[in-house]
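Take a look at the letters that make up each chain.
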Amino acid sequence: MIIVMKPTSTEADVKNIVNKLEECGLKAHLSKGESITIIGVVGDKHIFLEKNPQLMPGVEKLVHVSESYKLSNKKFHPEPTVIDIDGVKIGGDNFVIMAGPCAVESEQQMFETAEAVLAGGAQILRGGAYKPRTSPYSFQGLEVDGLKYMANARKKYGLKIISEVTSNAAIEAAKGYVDIIQIGARNMQNFELLKTAGKTNIPVMLKRGISATIDEWLNAAEYIMSEGNQNVILCERGIRTYETSTRNTLDLSAIPVVKSKSHLPIIVDPSHATGVREYVAPLAKAAIAAGADGLMIEVHPNPAIALSDGPQSLNPEDFKKLCGELRPFIELMGRKF
Ligand code: PEP
Ligand code: MN
């Protein structure tokens, strides 16, 4: 349920309602827009409604929220969420590019990639230190050493960093190093991992599961948010379909659908969606046109020798060229980049 306050309502009206909700064991989440305040209510509302059958002072209306996700729901929070990572803003009218190798391989590799990322104008360096590989015999990542190399690149080049965590122990390890925790497609419904990420105050980028519906994805975001961490970024990275000419099928329709259902920012990853570097540029442009808040693109100093996902990785030169091509699209959409 949401309680929509009248534009003329006072702070005291809001406080009174929040107190009454809490007396009934309910959680109240305030969303203050320019003219109206909305109180999102989580929990069983029946006792509250029995005790308060009349609209309370300052209330415009009560609206039932039928979806099982509440905090990630646009009805709870009509304004788009903007996550501010020390000046790098994600969501609203901002546009962000995250780029870097699939896996952190060495400090030198991260430094070279950081230079390429900066040259393209991207704000966030990516790199996997804990790699969820399909085969147990593939390179599994440098773990804490990888995080340290990323943190050194962060310091040297002034970029923010994002890295995937695959376990609660990895979250613990990543805490001191990363600006954004990434939860990968394979772990989208690892509820214990989601809850642990929700107990941190580090922004979380939640990738869509390989065969997850949008509702399942928003419920997964809800697991993080219901633990207290409201800084969730969604990432569409392609879903599994019957098509085999690309690694996955990029679900571009997820962008407007998410925008209609949620206030959370949505990033698109055309690298994992296609698995083929030639297809990254056209889908990056399409994602911008469809309203994405940013892109995640795999870049490697030498994709031919990458330990993971070389065929979909761009080299520094191609990445810079792509960023130049994307700029007019980003501007056309009225985004700040
Ligand atoms: C990644 O971003 O490195 C990754 C493994 O992606 P996904 O979880 O989307 O497969
Ligand atoms: Mn990858």
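Up top is the structure these notes are about.
It should be emphasised that the depicted structure is a prediction, and the values quoted were computed from it without experimental measurement.

K.L.:
Pulling in residues and values, what's your account of the overall build of the chain?
P.N.:
For the chain, the count of helices and strands is 11 helices and 14 strands. Taking 337 residues into account, the globule formula puts the C-alpha radius of gyration at 20 Å, and the chain, at 21 Å, falls close to it. Its C-alpha atoms put the chain at 70 × 45 × 45 Å along the principal axes. Expressed as a percentage of its 337 residues, the buried residues of the chain come to 52%. Nonlocal contacts in the chain, meaning residues at least 24 apart in sequence, comprise 69% of its contacts between residues at least 6 apart. Carbon together with sulfur atoms contributes 51% to the accessible area of the chain, which is approximately 14700 Å² in total. Taken together, the 38 basic and 39 acidic charged side chains of the chain have centroids lying 2 Å from each other.

K.L.:
Please give an account of the coordination of the manganese ion (ligand 2) that cites residues and values.
P.N.:
Only C102 (SG), H272 (NE2), E298 (OE) and D309 (OD) from the protein coordinate the manganese ion (ligand 2), and they sit 2.0 to 2.3 Å from it. Counting the intervening residues between successive donors of the manganese ion (ligand 2) yields the motif C-x169-H-x25-E-x10-D. Of this pair, H272 sits in helix α9 (residues 270-274) while D309 sits in the loop between β14 (294-298) and α11 (316-332), and the two are 37 residues apart along the sequence.

K.L.:
A description of the site of ligand 1 should follow, citing residues and the corresponding values.
P.N.:
Close contacts around ligand 1 come from R126, K131, E164, Q182, G184, A185, R186, K207, R237 and H272, and that covers them all. Interatomic distance of 2.7 Å between a side-chain N/O atom of R126 and an oxygen atom of ligand 1. Here an oxygen atom of ligand 1 and a backbone polar atom of A185 are 2.8 Å apart. Burial of ligand 1 by the protein amounts to 97% of the accessible area it has alone, namely 290 Å². In terms of residue class, the shell around ligand 1 is made up of 1 nonpolar, 3 polar and 6 charged.

K.L.:
Can you explain the packing of helix α6 (residues 191-198) against helix α7 (residues 214-225)? Please cite residues and give values.
P.N.:
One way to put it is that α6 packs onto α7 with a least axis distance of 7 Å and a crossing angle of 45°. Judged on the interaxial angle alone, α7 and α6 are oblique. Residues F191, L194, K195, A197 and G198 of α6 touch α7, and the partners they reach there are A220, Y223 and I224. In the contact of α6 with α7, the residues fall into 6 nonpolar, 1 polar and 1 charged.

K.L.:
Quick one: what's the story with the environment of S253, residue by residue and with numbers?
P.N.:
Counting through the fold element by element, S253 comes out in the loop between β12 (232-236) and α8 (254-261). You can call S253 partly exposed: its relative accessible area is 42%. Along the backbone, S253 and A290 are 37 residues apart, and their C-alpha atoms lie at a distance of 7.9 Å.

K.L.:
Go over the sheet that holds strand β3 (residues 37-42) with me, naming the residues and quoting the values.
P.N.:
Strand order across the open sheet formed by 4 strands is β2-β3-β1-β4, with antiparallel pairing between neighbours. The sheet terminates laterally at β2 (27-32) and β4 (59-63), the two strands that pair on one side only. Shown here is a sheet whose adjacent strand axes are inclined to one another by a mean of 20°, direction ignored. Where strand β1 (residues 2-5) meets β4, 4 bridges bridge the pair, whose relative direction is antiparallel. Bridged to M5 within β4 is V59.

K.L.:
A description of the packing of aromatic side chains should follow, citing residues and the corresponding values.
P.N.:
Considering all chains together, one arrives at 3 aromatic pairs under this definition. Measuring from ring centre to ring centre gives 6.2 Å for F95 and F337, while their planes differ by 85°; the resulting arrangement is edge-to-face. Of this pair, F95 sits in the loop between β6 (88-90) and β7 (96-100) while F337 sits in the segment after α11, and the two are 242 residues apart along the sequence. On the basis of relative accessible area, F337 is assigned to the partly exposed category, the value being 27%.

K.L.:
Before we move on, could you go through helix α3 (residues 107-120) and cite the residues and values that matter?
P.N.:
The end-to-end C-alpha distance of α3 is 20 Å, a good match for the 20 Å that 14 residues give at a rise of 1.5 Å each. Those residues of α3 not exposed but buried are Q109, M110, F111, T113, A114, A116, V117 and G120. Residues of α3 that are buried in the fold lie against β7, β8 (124-126), α4 (144-157) and α11. Just beyond α3, the residue with positive phi is G121, at close to 90°.

K.L.:
Would you mind going over the sheet that holds strand β9 (residues 160-164) in detail, with residue names and values included?
P.N.:
The strand order around the closed barrel built from 8 strands is β7-β8-β9-β10-β11-β12-β13-β14, with neighbouring strands paired in parallel fashion. Going from strand to strand, the sheet's axes swing by 25° on average, the running direction of each strand aside. Strand contacts of α3: β7 and β8, with the helix running at about 140° to β8, the strand carrying the most contacts.

K.L.:
Outline the state of the cysteines, supporting the account with residue identities and numerical values.
P.N.:
The tally for this structure, following the rule as stated, stands at 0 disulfides. As a non-bridged cysteine, C323 has C235 as the owner of its nearest cysteine sulfur, 16 Å distant. Classification of C323 as buried rests on a relative accessible area of 2%.

The rules behind the values
Residues numbered from 1 in each chain as written. Chains lettered and ligands numbered in written order. Predicted model: local features only at pLDDT ≥ 70, side-chain atom pairs only at ≥ 80, totals over all residues. Heavy atoms only, no water. Helix = DSSP H or I, 4+ residues; strand = E, 2+ residues; numbered from the N terminus. Rg over C-alpha atoms; globule rule 2.2 N^0.38 Å. Buried < 20%, exposed > 50% of the residue type's maximum accessible area, 1.4 Å probe, protein only. Contact = heavy atoms within 4.5 Å. Areas by Shrake-Rupley, 256 points an atom, 1.4 Å probe, with all protein chains shown as cover. Lys, Arg positive; Asp, Glu negative; His and termini not counted. Charge placed at Lys NZ, Arg CZ, Asp CG, Glu CD. Donors = N, O, S within 2.8 Å, 3.2 Å for Na, K, Ca; no water. Near = heavy atom within 4 Å. Polar contact = N/O pair within 3.5 Å; in protein donor to acceptor, adjacent residues only side chain to side chain. Nonpolar A, V, L, I, M, F, W, Y, C, P; charged D, E, K, R; others polar. Axes fitted to C-alpha atoms, helices over the stretch in contact; angles between N-to-C directions. Parallel < 35°, antiparallel > 145°, perpendicular 65-115°, else oblique. Pairing = 2+ DSSP bridges. Phe/Tyr/Trp six-rings, centres within 6.5 Å; stacked < 30°, edge-to-face > 60°. Expected span 1.5 Å × (residues − 1). Disulfide = S-S within 2.5 Å.

Just geometry here; none of it tells us what the structure is for.
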